[in-house]
Amino acid sequence: MMPCYQLPLSQMRRFGLALMLPAALLGAFAFPTQMQTATAQTSGGNRPLTIRADVQEYDAKSQVITARGNVQMLYPSRQLQATSAQAQYFSKERRIDFTGNVYILQQGGNSIRAEKVTYLIDEGRFVALPQSNRQVESIYMVEESDNNGQSATPAPQTPAFKRSN
């Protein structure tokens, strides 16, 4: 094999490309440049709230984090996951405002889909608003059992639907 200083320029370029391409691909997958992550510590202990988004801004004066573009939020201590187009975390007010195709999932299967959702952290309360001429969709997992842990009696049969012509 010839020393690299004696190789023709085209072969040196190919060799360099062969070395650089895998490194560049590894870097693109391991360290995405578009996605930014912020972890906010909520008051009352170290309970992280992780927000990932294409762009994030923090206003130190108002203590508001604004995340835009492919927002993903993970809040394990409240058993919440959320996605939206934009989210704002108001740390002083202990409130999170989500806007744009909001989907919130709680552990256990409860979920909300809406255009705008405000989550009041201390109250554990959601206020959801739909797009115009649409509705908010919520799914709640309801446990069907009586006080002894046994299955509750089934719901009574509803009469068959009759068409009127």
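Here the structure is a predicted model, which is why all the values come from computation and not from measurement.

A. Main features of the overall build of the protein. A count of helices and strands for the protein gives one helix and nine strands. Seen in sequence order, the protein has helices and strands lined up from the N terminus as α-β-β-β-β-β-β-β-β-β. Evaluated residue by residue, the protein yields a buried proportion of 22% over its 165 residues. Relative to all contacts within the protein whose residues are 6 or more apart in sequence, the contacts with residues 24 or more apart total 28%. Surface exposure of the protein reaches about 12,500 Å², of which carbon and sulfur atoms provide 54%.

B. Expanded view of unusual backbone geometry. Residue glutamine 79 is not a glycine yet carries a positive backbone phi of 55°. Within the element layout of this structure, glutamine 79 appears in the loop between β4 (64-75) and β5 (80-90). One non-glycine residue, asparagine 101, adopts positive backbone phi at about 50°. Counting through the fold element by element, asparagine 101 comes out in strand β6 (residues 95-106). Relative accessible area serves as the criterion here: at 64%, asparagine 101 is assigned to the exposed category.

C. Structural detail: the pattern of salt bridges. Within this structure, the stated rule accounts for five salt bridges. A salt bridge links glutamate 57 to arginine 68; its shortest N-O distance comes to 2.9 Å. With glutamate 57 in strand β3 (residues 55-59) and arginine 68 in strand β4, this residue pair connects regions lying eleven residues apart in the sequence. Residue classification places glutamate 57 among the partly exposed residues on the basis of a relative accessible area of 43%. For arginine 95, the salt bridge is made with aspartate 97, and the minimal N-O distance between the two is 3.1 Å. Given the relative accessible area of 22%, arginine 95 is considered partly exposed.

D. The arrangement of the packing of aromatic side chains in detail. Following the criterion strictly, the structure yields one aromatic pair and no others. Judged by centre distance (4.6 Å) and plane angle (25°), the ring pair of tyrosine 119 and phenylalanine 126 falls under stacked. Judged by relative accessible area, tyrosine 119 falls into the buried class, the value being 4%. Arginine 95 extends its terminal NZ or CZ atom over the ring of phenylalanine 90, reaching a point 3.9 Å from the ring centre.

E. Main features of the nonpolar core. One finds Ile51, Met73, Ile96 and Phe98 to be the most contacted residues of the largest nonpolar core, which totals 21 residues. By residue number, the principal contributor to this core is β4, which donates five residues. Phenylalanine 98 has contacts with Met73, Ala82, Ser84, Gln86, Ala87, Ile104, Glu115, Lys116, Val117 and Tyr119, leaving out every residue within four places of it along the chain.

F. Looking closely at the layout of surface pockets. There is about 180 Å³ of room inside the largest pocket. The wall of the largest pocket is formed by Asn101, Val102, Arg113, Ala114, Glu115, Pro130, Gln131, Arg134 and Gln135. Those elements that place two or more of their residues in the lining of the largest pocket are β6 and β7 (111-120). Its residues assigned to classes, the lining of the largest pocket shows three nonpolar, three polar and three charged.

Reading guide: rules and limits
- Residues numbered from 1 in each chain as written.
- Predicted model: local features only at pLDDT ≥ 70, side-chain atom pairs only at ≥ 80, totals over all residues.
- Heavy atoms only, no water.
- Helix = DSSP H or I, 4+ residues; strand = E, 2+ residues; numbered from the N terminus.
- Buried < 20%, exposed > 50% of the residue type's maximum accessible area, 1.4 Å probe, protein only.
- Contact = heavy atoms within 4.5 Å.
- Areas by Shrake-Rupley, 256 points an atom, 1.4 Å probe, with all protein chains shown as cover.
- Salt bridge = Lys/Arg side-chain N within 4 Å of Asp/Glu carboxyl O.
- Phe/Tyr/Trp six-rings, centres within 6.5 Å; stacked < 30°, edge-to-face > 60°.
- Lys NZ or Arg CZ within 6 Å of the ring centre and 35° of its normal.
- Core = buried A, V, L, I, M, F, W, Y, C linked by side-chain atoms within 4.5 Å.
- 1 Å grid on protein atoms, 1.4 Å probe; cavity = no way out; pocket = protein on both sides within 12 Å on 5 of 7 lines; lining within 4 Å.
- Points joined across faces, edges and corners; volume = space filled by probe spheres on them.
- Nonpolar A, V, L, I, M, F, W, Y, C, P; charged D, E, K, R; others polar.

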